[in-house]
2 protein chains.
Amino acid sequence: MKLGKRSIKFENKPILLDCASIVGPKEKSGPLSNFFDRCIDDVYFDEKTFEKAESKFMKEAITLAINKAGISKNKIDYVFAGDLLNQCISSGYAIRDIEIPFFGLYGACSTFSESNILATSFVNAGYASICVASASSHFCSAERQFRMPLEQGTQTPPTGQWTVTGSGATVIAPYEKQINKYYPIVTCATPGKIIDMGIKDIANMGAAMMPAAFDTLITHFEDTGRTPDYYDLIITGDLGILGSKLLVEQMQKYGFDISKIHRDCGNLIFDCNSQDTKSGGSGCGCSASVFCGYIYSMLRKKEINKVLLISTGALMSPVSLGQGESIPSIAHAIAIENEE
Amino acid sequence: MKLGKRSIKFENKPILLDCASIVGPKEKSGPLSNFFDRCIDDVYFDEKTFEKAESKFMKEAITLAINKAGISKNKIDYVFAGDLLNQCISSGYAIRDIEIPFFGLYGACSTFSESNILATSFVNAGYASICVASASSHFCSAERQFRMPLEQGTQTPPTGQWTVTGSGATVIAPYEKQINKYYPIVTCATPGKIIDMGIKDIANMGAAMMPAAFDTLITHFEDTGRTPDYYDLIITGDLGILGSKLLVEQMQKYGFDISKIHRDCGNLIFDCNSQDTKSGGSGCGCSASVFCGYIYSMLRKKEINKVLLISTGALMSPVSLGQGESIPSIAHAIAIENEE
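Residues numbered from 1 in each chain as written. Chains lettered and ligands numbered in written order. Predicted model: local features only at pLDDT ≥ 70, side-chain atom pairs only at ≥ 80, totals over all residues. Heavy atoms only, no water.

K.L.:
In this structure, what is going on with the pattern of salt bridges? I would like to understand it.
P.N.:
Side chains carrying opposite charge are able to pair once their charged atoms draw close together. Taken as a whole, this structure holds 40 salt bridges over all chains when the rule is applied. For E339 of chain A, the salt bridge identified is with K13 of chain A, shortest N-O distance 2.7 Å. Highlighted residues: E339 of chain A in the segment after β15 (329-337) and K13 of chain A in the loop between β2 (7-9) and β3 (15-23), separated in sequence by 326 residues. Residue E339 of chain A is classed as buried on the basis of its relative accessible area, which comes to 17%. Overall, K13 of chain A belongs to the partly exposed group, its relative accessible area being 30%. Across the salt bridge formed by E325 of chain A and R96 of chain B, the nearest N and O atoms sit 3.1 Å from each other. Of this pair, E325 of chain A sits in the loop between α11 (318-322) and β15 while R96 of chain B sits in helix α3 (residues 89-98), each in a different chain. Neither residue differs from the other here; E325 of chain A and R96 of chain B are each classed as buried. Each of K52, K59, R96 and D97 of chain A together with D196 and E325 of chain B takes part in a single network of salt bridges with overlapping partners. (Salt bridge = Lys/Arg side-chain N within 4 Å of Asp/Glu carboxyl O. Helix = DSSP H or I, 4+ residues; strand = E, 2+ residues; numbered from the N terminus. Buried < 20%, exposed > 50% of the residue type's maximum accessible area, 1.4 Å probe, protein only.)

Take a look at the structure:
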């Protein structure tokens, strides 16, 4: 049901039956290494191109999530997925091989929460029994598509971010599927609105996306009547160090102190100092792999019980920036909670 | 609710409150000229680039659809939209300016029925009061992105298709919004599954996409118990002349005669002989503009009462084809019917 101005309450309490995450070698060297299901040492993942490798990350993450959930593939009604590549070929070819009916999405780096909102919406409404949501990104395919070929060795400024190589996938099922009260429940969501504050610097995505995260977060609090202290963790997708700092400051001005409970997937996945990842991780695969690896594990262990995930996306392209446009951004929020 | 193996029944009978279509000069010269809300003579639509023009087609189509429906913009809860451009910039910038919460989609030329399925799903489930669905394409932006720059004057083989310049938008509302029994109802949908029969010829999309349309159509009949004679019109998105012929033949082999009630938006929008559009129109804007212009007008006048729209999409990219991949395709079906 509709909740407030721009939120959705999932009154039938769909559950997050399981998750899987697969990442690349740089993510393996990062602080969250132990939380990922698989770390692949070869950025090509035994494929001939970076694009095919990215697609394989998604295909394997979805397959693993379904297996971990103990469900046979033909019980999955729909996959909701997307990625950053032109014409979303990572998802297209991954899902072709998986043979599950498909809704293709493009929300840039907000795709992971977008896909989870739509998958949950379908399960909650009874349109589907079980759905999968996924997103992927790959440092090498993203660099050559959005910036420069890797061979050129272009340097990144301090505000720039490092695209995560990896994918995450969730399996969403009806409440009745749970045997005990163990599974986290997707309780509500606040879909995003596009916000564009005129920033044109492709090497400063955090600043470009922060206003969208702010808008979604404020709307979420208004619609649900919740305040920051309701949550154990408010986790943004890839605002990075700079964008996160700006978000906390902006929320403070608005009267909300999120400093203690806010984290950013882009900040968590790399040790920016030792790994030289500048302002932090980014990409659809960033919030996907961090949520499906680290956050879901904490939820299952009840180390945390109430999480708001806000994946953040920048909807520009190299063509639109070349034509003088600024960076429109969007942030979708979804709440995942353990029952008391 | 779930219907059969892969279909959805919209039991609350959401209505198609209104539509709008805006097309370019070549579409204006075609057989459906009188059915479009607006025909723009300038392919640049007063913008500096083809991409900005395409975005304007969508923005104006959505704005016009909302105005025609007599609804103020802030009553629209969500827009579901997508396009063919890298990172879907046509939709991103159009919706930025419209300021309505947004779900970005990528389904290639199947995007129009995908967006309508999701928008209807949201209204039917009560997640939203009113939603908008839209898709766009532009011959000039598509040519330079997928094929060659226009200046090169590359010739198209007979199996090739001509990307439609235009956009269409629908306004989906709850059943209660209707004053009399006049508005067409979105009754059910059969989302698509990716089918890839190994075709690699980018100039033969009709043949590549036909198997996806076939799979969705057969599944639709199985899930709903309907047969071709249930419908007054089964309209595919952009199979073109060749793909349409193949679909009718394939259905015949399966025991279903759709020859009398099947039409294809790509065949209807241009006169292929006089307009030199080879195998017909294509692009997300093809089924969007033909449905919102021609088909919706016939539905409202009760010239036809039961329509199954199957927009068809090819999920490859120039990069994936360059890497030796074949063309994965998908087709989403949605049924729109007048109440008896």
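Further notes follow.
K.L.:
Help me understand the pairing of strand β7 (residues 131-137) of chain B in this model?
P.N.:
Looking along a regular strand, one sees the side chains alternate between the two faces of the sheet. Residues and elements named next belong to chain B. A large share of β7 lies buried, amounting to seven of its seven residues. Alternating residues of β7 divide into C131, A133, A135 and S137 and V132, S134 and S136, and every residue in both groups is buried. Where strand β5 (residues 78-83) and β7 come together, six bridges link them in parallel fashion. Its bridge partner lying in β7, G82 is registered against A135. The pairing of β7 with strand β9 (residues 166-173) spans seven bridges and is antiparallel. Pairing of V132 across the sheet is with V171, part of β9. (Pairing = 2+ DSSP bridges.)

K.L.:
What am I meant to see in helix α6 (residues 205-224) of chain A here?
P.N.:
Note that an α-helix has 3.6 residues per turn; residues three or four places apart therefore point the same way. All names here are of chain A. Look at α6: 28 Å from first C-alpha to last across 20 residues, which is about the 28 Å you get at 1.5 Å a residue. The buried count for α6 comes to 18 of 20 residues, which makes it a mostly enclosed element. Count one or two residues on from α6 and you reach G225, which has phi positive near 75°. (Expected span 1.5 Å × (residues − 1).)

K.L.:
What exactly am I supposed to notice about the side chain of D238 of chain A here?
P.N.:
Residue and element names in this part refer to chain A. Here D238 shows up in the loop between β11 (233-236) and α7 (240-253). R147 provides the closest opposite charge to the buried, salt-bridge-free D238, at an N-O distance of 8.4 Å. A polar side-chain atom of D238 sits 3.0 Å from the main-chain amide nitrogen of G283. Discounting chain neighbours no more than four positions away, the residues touching D238 are C109, Q161, M209, D264, G266, G281, S282, G283, C286 and T312. (Lys, Arg positive; Asp, Glu negative; His and termini not counted. Polar contact = N/O pair within 3.5 Å; in protein donor to acceptor, adjacent residues only side chain to side chain. Contact = heavy atoms within 4.5 Å.)

K.L.:
Honestly, the interface of chain A and chain B in this entry has me stumped. Any pointers?
P.N.:
It is common to give the size of an interface as the accessible area lost on bringing the parts into contact. Between chain A and chain B, the residue contacts involve 63 residues of the former and 62 residues of the latter. Across the chain A to chain B interface the summed buried area is about 4,900 Å²; carbon plus sulfur atoms make up 59%. At the junction of chain A with chain B, the criterion picks out eight salt bridges. Between D196 of chain A and R96 of chain B there is a salt bridge, with its nearest N and O atoms 2.7 Å apart. At the boundary of chain A and chain B, one finds 38 residue pairs in polar contact (both at pLDDT 80 or more). A per-element tally of the side of chain A that touches chain B places helix α4 (residues 111-125) of chain A first, with eight residues. (Buried area = accessible area lost by both parts, 1.4 Å probe.)

K.L.:
Got a minute to help me understand the relation of the copies chain A and chain B in this structure?
P.N.:
Each of the two copies of the chain can be brought onto the other by a rotation about an axis and a shift along it. For the pair chain A and chain B, the best superposition has an RMSD of 0.0 Å and corresponds to a rotation of 180° with a translation of 0.0 Å parallel to the axis. Interpreted geometrically, this transformation is the action of a two-fold axis. Among all residues of chain A, the one whose C-alpha sits closest to the rotation axis is L105 of chain A, at a distance of 2.0 Å. A shared interface surface links the copies, since 98% of the contact residues of chain A are contact residues in chain B too. (Least-squares fit on C-alpha atoms with pLDDT ≥ 70 in both.)

K.L.:
What's the story with the pairing of strand β14 (residues 306-314) of chain A in this structure? I'm lost.
P.N.:
Residues and elements named next belong to chain A. Burial runs high along β14: nine of the nine residues are buried. Covered by surrounding structure in β14 are K306, L308, I310, T312 and A314 together with V307, L309, S311 and G313, the residues of both alternating faces. With four bridges connecting them, β11 and β14 associate as parallel partners. Among the inter-strand pairings, T236 is bridged to a residue of β14, identified as I310. Direction of pairing for β14 relative to β15: antiparallel, over a ladder of nine bridges.

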